[in-house]
Amino acid sequence: MDSLGALNAFVHAAQARSFTVAGRQLGVSSSAIGKAVARLEERLGVRLFHRSTRTISLTPEGALFLERCRRIFAEVEAAELELARTQGAPSGKLRVSMPLAGMLMMPALCAFMRAYPEVELDLDFSDRLVDVIEEGFDAVVRAGEIDDSRLMARTLGTFRLKLVGAPGYFKRRGVPREPGDLRSHACLHHRYATSGKLEPWPLRRGRKHVEIELPTTAVVNTIEPLIHMAEQGLGIACLPDFAIRQKLDDGALVTVLEGHTDHSGLFRILWPSSRYVSPKLRVFVDFMAQHLFPA
């Protein structure tokens, strides 16, 4: 490999923490990656990786060198992006991992498809923690905190959890006035697909969080059925506001215990920090940031 190719091999190996994965990404053998890194270490006169039979990890010198290499490739990518922008509209396949709740983001996704018909969306809906780099995704949309130095991130918007039910349900069963009243209501729960645990309801009295053993009238691992059950008057569900905004506006669902719930979260889009930010990825990130959570 030439000098730039050796730097590229080092960056991929450092981010994947594997010569094998780096070789797969670059279309060469793991031994070719290992030899390129070894020649680079010999030329620099420092060891860049700690090696064992199963894993590799950066030395302190390797970590410093990785940051410098990232800046080098960022400049190269910026130059390529400037040239690419002169070549016409964004196009090509864009592979994105979306949460299961991403089905509720379809209006924004459909609007993107209409605005950029030359971009081919390849969407994978899953709540599992995908490895963006190793599995070959261009980007991933997720809620919550993501701690991965290999990824860049942009906030798409915030959401709040609300307790909701149909007006007809509350007419039959009464409106809960404080968290303890929920013990006598039908409660519809969301189960995390990754851990199998029930998502807790963010209940509080004053400033104090309270835990209440709630009835489990129904449990599902995705949000859409909960919306339908609540709309049909089968119970109370704890749902993100972005998923039920239209239902609330139409009066199909109403909120309860507004003063006794307290939870907000973020949706972010993440992509590999060293990857060339192509026009198709750039417009997707910008479009989703502007349209996913309209004011």
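The model shown is predicted, which means the values in this text are computed figures rather than measured ones. (Residues numbered from 1 in each chain as written. Predicted model: local features only at pLDDT ≥ 70, side-chain atom pairs only at ≥ 80, totals over all residues. Heavy atoms only, no water.)

S.K.: Looking at this structure, I do not really get unusual backbone geometry. What am I missing?
M.R.: Glycine aside, a negative phi is what most residues show, and trans is what most peptide bonds show. Positive phi outside glycine occurs at arginine 17, with the angle close to 55°. Structurally, the position occupied by arginine 17 is in the loop between α1 (3-16) and α2 (19-26). By relative accessible area, which is 48% here, arginine 17 ends up partly exposed. Positive phi values are uncommon outside glycine, yet leucine 257 reaches one of about 55°. For leucine 257, the location among the structural elements is in the loop between β12 (254-256) and β13 (264-272). On the accessibility criterion, leucine 257 (7% relative accessible area) is buried. (Helix = DSSP H or I, 4+ residues; strand = E, 2+ residues; numbered from the N terminus. Buried < 20%, exposed > 50% of the residue type's maximum accessible area, 1.4 Å probe, protein only.)

S.K.: How should the environment of threonine 155 be read in this particular structure?
M.R.: Relative to the assigned elements, threonine 155 resides in strand β6 (residues 151-165). Overall, threonine 155 belongs to the partly exposed group, its relative accessible area being 40%. For threonine 155 and proline 176, which are 21 residues apart along the polypeptide, the C-alpha to C-alpha distance reads 34 Å. Ignoring anything within four residues of it in the chain, the contact list for threonine 155 reads Leu266, Phe267, Arg268 and Ala289. (Contact = heavy atoms within 4.5 Å.)

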